[in-house]
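# Structure at a glance
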Amino acid sequence: MAFQISGPFGELVARKVILATGGRSLPKSGSDGHGYQLARSLGHSLTAAILPALVPLVLDDACFIRSLSGLTLPATIELRSGTGKRLIAFTNSTLCTHFGISGPGVLDISRHYLTTKQTDAGAALFMNWLPGETFESLEAAIIEFARRHGTSGLAKFFIDRLPQRMAVALCTTAGINPAIPANSLTREARRTLVGLVTNMRLPVTGDRGFTVAEVTAGGVPLKEIRLDTMESRVCPGLFLCGEICDVDGRIGGYNFQWAWSSGHVAGVSAAS
Ligand SMILES: Cc1cc2nc3c(=O)[nH]c(=O)nc-3n(C[C@H](O)[C@H](O)[C@H](O)COP(=O)(O)OP(=O)(O)OC[C@H]3O[C@@H](n4cnc5c(N)ncnc54)[C@H](O)[C@@H]3O)c2cc1C
């Protein structure tokens, strides 16, 4: 079998072809999803969903996080199913932006969130702005602070724990004046604040899409590829590598690694 290939270079016939077109991320680079059409035309299928991965998330217009644009702080972001089951969590630097949230932890969880949402509409993300603290430990710490420094404002409690802008925004969102004496806080107000700090449900309305996403989740299923050579199981002589395959990794160079490693195997195999 031979492949007939045409392009700006003219036409050529080849016995072996490597499809290395990438996914749909950053379409201005040329990786606009056209490779998927080529793969399908050669007999391959595609995963049911092809979604942005390592992508910042957009929050509701009214969410206070959007007013903290530029603020970076460590946080734990957790994905829960519609039934409340903890699915996965990442603790890392989180960036508040004018549209929502970004940063390594958010990018890492984005592919899990977006793929889970495909089958579980109730799935949601929760933020703990004080990683390491639980609802119980933070509430106990505030009670102890109020006992020892009752006349000090809550802002003082958070001074070593959170950036001031975040502390003020969390208190205000919980309906609390951060300047009020800690010992005048009602139990209800305290628990509202603690819930917001340690277990804030993020009002995610969308993602920044393929024009911003670093990676594409989904693609040609791996079961259609011989992984020892990267040759197609459905179209002999065709090899696939990199992001066109259904592989995506977390932050840390894993996507480059996959592209280079699978490209090396495909190249060596096709040439042998
Ligand atoms: C902004 C950004 C930052 C990233 N940062 C990291 C990082 O820090 N670490 C990491 O591991 N990964 C990172 N990635 C992901 C990584 O770049 C990709 O996973 C990797 O480049 C995929 O390699 P690939 O060769 O499969 O596809 P690509 O790098 O997308 O290359 C595909 C090439 O094929 C060309 N092409 C597409 N269709 C056709 C066609 N029909 N005809 C001819 N040519 C075509 C495209 O123009 C492109 O040059 C980042 C991605 C982006 C967008």
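Okay, so let's go over this structure. None of these values were measured; they are calculated from a predicted model.

Turning next to the overall build of the chain. Counting secondary structure elements, the chain contains seven helices and 15 strands. Relative to the globule expectation of 19 Å for 272 residues, the C-alpha radius of gyration of the chain, 24 Å, shows a markedly less compact shape. The C-alpha extent of the chain, read off along each of the three principal axes, is 85 × 35 × 30 Å. By the burial criterion, 35% of the 272 residues in the chain qualify as buried.

What follows is about the site of the ligand. In the vicinity of the ligand, 19 residues are found, and the nearest of them are G22, G30, G242, N255 and A259. Put simply, the parts of the chain that give the shell around the ligand at least two residues each are α1 (34-41) and α7 (254-271). Residue contributions to the shell around the ligand peak at four residues, all from α7. Of the residues in the shell around the ligand, the class split is six nonpolar, eleven polar and two charged.

Turning our attention to the pairing of strand β7 (residues 86-96). Here strand β6 (residues 72-80) pairs with β7 via nine bridges, running antiparallel. From the neighbouring strand, P74 faces β7, where its bridge partner is S93. Taking the residues that link successive antiparallel strands as the turn, the β6-β7 hairpin has five residues, and the phi of G84 there is positive, at about 95 degrees. Relative to strand β8 (residues 100-102), β7 is paired through two bridges, and the arrangement is antiparallel.

Core analysis: the largest hydrophobic core is formed by 50 residues, its most contacted members being W129, L170 and V197. Beyond its immediate sequence surroundings of up to four residues, W129 is in contact with L73, A75, L162, M166, L170, V197 and M200.

Basis of the calculations
- Residues numbered from 1 in each chain as written.
- Predicted model: local features only at pLDDT ≥ 70, side-chain atom pairs only at ≥ 80, totals over all residues.
- Helix = DSSP H or I, 4+ residues; strand = E, 2+ residues; numbered from the N terminus.
- Rg over C-alpha atoms; globule rule 2.2 N^0.38 Å.
- Buried ≥ 20, exposed ≤ 12 C-beta atoms within 10 Å, placed from the backbone.
- Near = placed C-beta within 6 Å.
- Nonpolar A, V, L, I, M, F, W, Y, C, P; charged D, E, K, R; others polar.
- Pairing = 2+ DSSP bridges.
- Core = buried A, V, L, I, M, F, W, Y, C linked by C-beta atoms within 7 Å.
- Contact = placed C-beta atoms within 7 Å.

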